[in-house]
Amino acid sequence: MRFITSGLLLLLCSCVTGTAPGFRLSSPSFAAGGVLPDSVVLNGLDCHGANRSPALRWSGAPAGTRSYALILDDYEARGGDGFIHWVAYDIPATATELPENAGAGEPDLAGGGKNAYDDFLRRRYDGPCPPEGSPHKYRFTLYALDLPSIDDAGTPMTWRKLRFIIRGHVLGQASLMGLRGH
């Protein structure tokens with residue numbers, strides 16, 4: 001299982017076809033490397049947050065971007081096997097932000113795009129709920145794609161399926177990391 005999540009990131013990173021040094025991802029909800037706000041915490045298991053996806057903003061997308069995909073992962077979860085909390089795709093190329101709570105709808109994403117199945121087996125945002133101990137690192141990664149849309153006919157879209165579809169179509173990526181403890 002460790003290979004699957006680590007392999008996802010390696011696979012996606014290795015298939016970037018161009019560089020985008022000015023491609024940046026940020027959030028008005030938290031600073032890069034800072035603590036994620038209570039509002040993003042899962043409302044389930046033994047956590048009692050609002051489970052609202054944070055607002056995200058980006059700039060400097062590579063030329064030729066036709067859509068975006070987004071993955072939120074806790075890559076240190078489950079002993080390093082990782083855990084996927086949110087997957088969105090078909091985000092329009094004209095978008096430069098996702099509003100707070102954009103990931104609440106199943107399966108559609110507020111503002112355009114779609115949610116894919118995460119590791120909770122739901123098509124929506126599912127926030128952090130780490131075990132007690134040191135804070136976990138939650139990484140939001142936005143992929144600029146040369147695909148105008150992704151065909152999700154047939155089997156349901158999961159992050160595993162998405163990684164294969166976008167292979168060779170990633171023009172650039174931008175990441176933002178936040179911390180959350182319990």
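Structural notes, computed from the coordinates. As the structure is a computational prediction, the values presented were derived from the model and not from experiment.

Remarks on the sheet that holds strand E1 (residues 24–26)
Alright, step 1. Taken in spatial order, the three strands line up as E1-E4-E7 in an open sheet, and their pairing is antiparallel. Only two strands of the sheet have a single neighbouring strand rather than two, namely E1 and strand E7 (97–98).
Alright, step 2. For strand E4 (residues 56–59) and E7, the ladder comprises two bridges, and the chain directions are antiparallel. Within E7, the residue paired with arginine 57 across the bridge is glutamate 97.

Some words on the nonpolar core
Alright, step 1. Grouped together as the largest cluster of nonpolar side chains are 26 residues, with contacts concentrated most on Trp58, Leu70, Trp86, Ile91 and Phe140.
Alright, step 2. Listing elements by their share of this core, those giving two or more residues are E4, strand E5 (67–74), strand E6 (83–92), strand E9 (136–145) and strand E10 (170–180).
Alright, step 3. The greatest single-element share of this core, amounting to four residues, is contributed by E9.
Alright, step 4. The residues contacting leucine 70, other than those within four sequence positions of it, are Leu56, Trp86, Val87, Ala88, Ile91, Leu98, Phe140, Thr141 and Leu142.

Details of the side chain of arginine 123
Alright, step 1. Along the chain, arginine 123 turns up in the loop between strand E8 (114–115) and E9.
Alright, step 2. In this structure arginine 123 is buried but unpaired, with aspartate 152 as the nearest side chain of opposite charge at 4.3 Å.
Alright, step 3. One polar contact links the side chain of arginine 123 to the main-chain carbonyl oxygen of asparagine 115, over a distance of 2.9 Å.
Alright, step 4. With near-sequence residues (within four places) excluded, arginine 123 lies in contact with Tyr89, Gly105, Glu106, Pro107, Asn115, Ala116, Tyr117 and Asp152.

Parameters and conventions
Residues numbered from 1 in each chain as written. Predicted model: local features only at pLDDT ≥ 70, side-chain atom pairs only at ≥ 80, totals over all residues. Heavy atoms only, no water. Pairing = 2+ DSSP bridges. Helix = DSSP H or I, 4+ residues; strand = E, 2+ residues; numbered from the N terminus. Core = buried A, V, L, I, M, F, W, Y, C linked by side-chain atoms within 4.5 Å. Buried < 20%, exposed > 50% of the residue type's maximum accessible area, 1.4 Å probe, protein only. Contact = heavy atoms within 4.5 Å. Lys, Arg positive; Asp, Glu negative; His and termini not counted. Salt bridge = Lys/Arg side-chain N within 4 Å of Asp/Glu carboxyl O. Polar contact = N/O pair within 3.5 Å; in protein donor to acceptor, adjacent residues only side chain to side chain.

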